[in-house]
Amino acid sequence: MDSLLIKGGVPLHGEVLISGAKNAVLPIMAATLLTAGKCVIRRVPQLSDVHFMAKILASLGARVTIESDTVTVRAAKLKPVGNYDLIRKMRGSICILGPLLGRQRYAKVSLPGGCVIGPRPIDLHLKGMRQLGAELTIEGGYVKAEAARLIGAEIFLGGRAGPTVLGTANVMMAAVLAEGVTTVESAACEPEVVDLAHFLNQMGARIVGAGSPTITINGVKELHGAEHEVIPDRIETATFAIAAAATNGEVTIKGARPDHLHAVLDKLREAGVEVHRQGLTMTVRRGGRLKPVDVTTLPYSGFPTDAQAQMMVLMALTPGLSIITERIFESRFMHVSELARLGADISIEGPNAIVKGGKGLSGAPVMASDLRASAALVIAGLAAQGTTQVNRIYHLDRGYEKIDAKLRRLGARVKRVEGS
Ligand code: EPZ
């Protein structure tokens, strides 16, 4: 398994171009199953999750080609069931359920496996399918959904932690080919949900209200192929912005959507970080002395849970006390014990991480446990004195395109060590 060797203490300087959003491209690739027509998706990041999804679509009978950042899919004819193991291994693949049910009134999908960041039930996804008229059975590790007809309905999708992102995507994709009108209440408002709705409307769907808690879908008979460019990755953007501040550098982030990041930029400014926006470009630098801030993760447009670990590193470097509260995934604190190896002083009480910041970090071997925890360990390694080895970076490659090369272009001393 590859690892990253990071010699810390170098302020990041220069420009970085943001890649397309992983969490937009996965449901968009799944949506191509809704039509026999040709779909072309651009600005697709080269990530292991994307390659996984491509294999899953191919296992369902679709012809998929990936040429640099362009994915072409033609799902002329579908097989009833995809590759069990592939689907089980990647949680995001649950979003093939809606398109398969929508297109062929039948879907058999392996249940997603466990996840270190907390329990990830799909009860809301299934509730939505049932309300559209599907019969559901869970058997042998599969969820089977079948419907003679799909009929539009009013569906409330709010759960114990608020809306569900992929649940909203799945129900939207099942409802576009249903009879009549579907209204999704307490829908997720994430930019990735909006980008998916844009793509579906380009395929001939009739969706209004995406980006608000109420989405209305007028069912149509069939969809056609379409072309689409994916939105930039707001979590990659947040990661580079925080890395600039953590290393006391100055980074110009290009091709971003700062308007998708208000909560993060607001917290950075509150902490004393300077953020200058110009259209799709923003320059981030530490400015003066950092101040501790409290952060609570919330559904969009609140502070994203996917930037919580990275922000915790910045607070560990900031003199004073800050409290980081995780409201979306209850055990998303796997990075805390690894940050302690680098000298951070963080204690956990229920959903709160109490960060006593300001102690310098020193390099050490650490273990990545999940995608965003690994990004936080990389930032900590960049800010620490000495050398940090981040192991199991396959987690990082799932969601960050060529991050080590991008960091080296910003002056970081980062080396990928293969198979260590
Ligand atoms: C998406 O996951 C993202 N993944 C996650 O990003 C992100 O953390 C999450 O949204 C929240 O923003 C992709 O888009 C591929 P949810 P998703 O359903 O849709 C509970 C990353 O790092 N819930 O919005 O699976 C659930 O347990 C990943 O890129 C139910 O109770 O998340 C959680 O507490 C990690 N029942 C909350 O809702 C359900 O049926 C939000 O989960 C579904 C969810």
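Residues numbered from 1 in each chain as written. Predicted model: local features only at pLDDT ≥ 70, side-chain atom pairs only at ≥ 80, totals over all residues. Heavy atoms only, no water.

**Thoughts on the overall build of the protein**
Summing up its helical and strand segments, the protein has 14 helices and 23 strands in all. Taken over C-alpha atoms, the radius of gyration comes to 21 Å for the protein, in line with the 22 Å a tight globule of 420 residues would show. Principal-axis analysis of the C-alpha atoms gives the protein an extent of 65 × 45 × 40 Å. Counting only residues that meet the buried cut, the protein has 57% of its 420 residues in that class. A sequence separation of at least 24 residues applies to 73% of the contacts in the protein between residues at least 6 apart. (Helix = DSSP H or I, 4+ residues; strand = E, 2+ residues; numbered from the N terminus. Rg over C-alpha atoms; globule rule 2.2 N^0.38 Å. Buried < 20%, exposed > 50% of the residue type's maximum accessible area, 1.4 Å probe, protein only. Contact = heavy atoms within 4.5 Å.)

**Brief notes about the environment of Gly288**
Position of Gly288 relative to the elements: it lies in the loop between β16 (281-285) and β17 (295-296). A sequence separation of 15 residues divides Gly288 from Val273, and the C-alpha atoms of the two residues are 7.5 Å apart.

**A word on the sheet that holds strand β18 (residues 320-325)**
Strand order in the open sheet formed by four strands is β17-β18-β20-β19, with mixed pairing between adjacent strands. Two strands lie at the open edges of the sheet, namely β17 and β19 (345-349), each paired on one side alone. Summarising the sheet, β19 and strand β20 (residues 352-357) pair through five bridges and their orientation is antiparallel. Across the sheet, the residue bridging to Ile348 is Ala353, located in β20. (Pairing = 2+ DSSP bridges.)

**Quick word on the layout of surface pockets**
Approximately 210 Å³ is the volume attributed to the second largest pocket. Among the secondary structure elements, those contributing two or more residues to the lining of the second largest pocket are β2 (13-17) and α14 (403-409). If one sorts the elements of the lining of the second largest pocket by residue count, β2 sits on top with three residues. Considering only residue class, the lining of the second largest pocket consists of five nonpolar, four polar and seven charged. (1 Å grid on protein atoms, 1.4 Å probe; cavity = no way out; pocket = protein on both sides within 12 Å on 5 of 7 lines; lining within 4 Å. Points joined across faces, edges and corners; volume = space filled by probe spheres on them. Nonpolar A, V, L, I, M, F, W, Y, C, P; charged D, E, K, R; others polar.)

**Describing the nonpolar core**
Grouped together as the largest cluster of nonpolar side chains are 77 residues, with contacts concentrated most on Ile96 and Leu200. For this core, the element with the highest residue contribution is helix α1 (residues 22-31), accounting for seven residues. Those residues in contact with Leu200, other than ones at most four positions away along the chain, are Ala31, Leu34, Met172, Met173, Val176, Ala205 and Ile207. Membership of the second largest hydrophobic core comes to 72 residues, among which are Ala245, Val273, Phe303 and Ala316. (Core = buried A, V, L, I, M, F, W, Y, C linked by side-chain atoms within 4.5 Å.)

**Examining the site of the ligand**
Taken together, 22 residues form the shell around the ligand, and within it Asp123, Leu124, Thr164, Asp306 and Ile328 come nearest. In this structure, Arg372 approaches the ligand through a side-chain N or O atom, which is 2.8 Å from an oxygen atom. In isolation the ligand offers 830 Å² of accessible surface; the protein chains occlude 93% of this area. Of all the elements in the fold, those that place two or more residues in the shell around the ligand are α1, α5 (123-131), α6 (165-175) and α12 (371-383). Here the shell around the ligand gets three residues from one element, more than from any other, and that element is α5. Grouping the constituent residues of the shell around the ligand by class yields 11 nonpolar, four polar and seven charged. (Near = heavy atom within 4 Å. Polar contact = N/O pair within 3.5 Å; in protein donor to acceptor, adjacent residues only side chain to side chain. Areas by Shrake-Rupley, 256 points an atom, 1.4 Å probe, with all protein chains shown as cover.)

**Points about the side chain of Thr247**
Mapped onto the secondary structure, Thr247 falls in the loop between α8 (234-246) and β14 (250-254). Looking at Thr247, its side chain comes within polar contact range of the main-chain nitrogen of Leu12, at 3.2 Å. A polar atom in the side chain of Thr247 sits 3.3 Å from the backbone oxygen of Ala244. Thr247 has contacts with Val10, Pro11, Leu12, Arg286, Leu382 and Ala383, leaving out every residue within four places of it along the chain.

**Side note on the sheet that holds strand β10 (residues 181-185)**
Read from one edge of the open sheet, four strands run β9-β10-β12-β11, paired in mixed fashion. Strands at the two margins of the open sheet, each flanked by one partner only, are β9 (154-156) and β11 (206-208). Direction aside, the axes of adjacent strands within the sheet are offset by 15 degrees on average. Relative to strand β12 (residues 215-218), β11 runs antiparallel, the two sharing three bridges. Its bridge partner lying in β12, Val208 is registered against Thr216. Packed onto the sheet, α6 meets β9, β10, β11 and β12 and runs at close to 25 degrees relative to β12. (Axes fitted to C-alpha atoms, helices over the stretch in contact; angles between N-to-C directions.)

**Some remarks on the packing of aromatic side chains**
This model, assessed by the stated rule, comprises zero aromatic pairs. We note Lys55 situated over the ring of Phe52; from NZ or CZ to the ring centre the distance is 5.8 Å. Lying over the aromatic face of Tyr142, Lys108 brings its terminal NZ or CZ to 4.6 Å of the ring centre. (Phe/Tyr/Trp six-rings, centres within 6.5 Å; stacked < 30°, edge-to-face > 60°. Lys NZ or Arg CZ within 6 Å of the ring centre and 35° of its normal.)

**Focus on unusual backbone geometry**
With an omega dihedral of 15 degrees, the bond running from Tyr300 to Ser301 counts as a cis peptide bond. Mapping Ser301 onto the fold places it in the loop between β17 and α10 (308-316). In this model, Arg43 sits at a positive phi of 55 degrees, which is unusual for a non-glycine residue. For Arg43, the position within the fold is in the loop between β3 (38-42) and α2 (48-59).

By themselves, these observations are geometric and do not establish any function.
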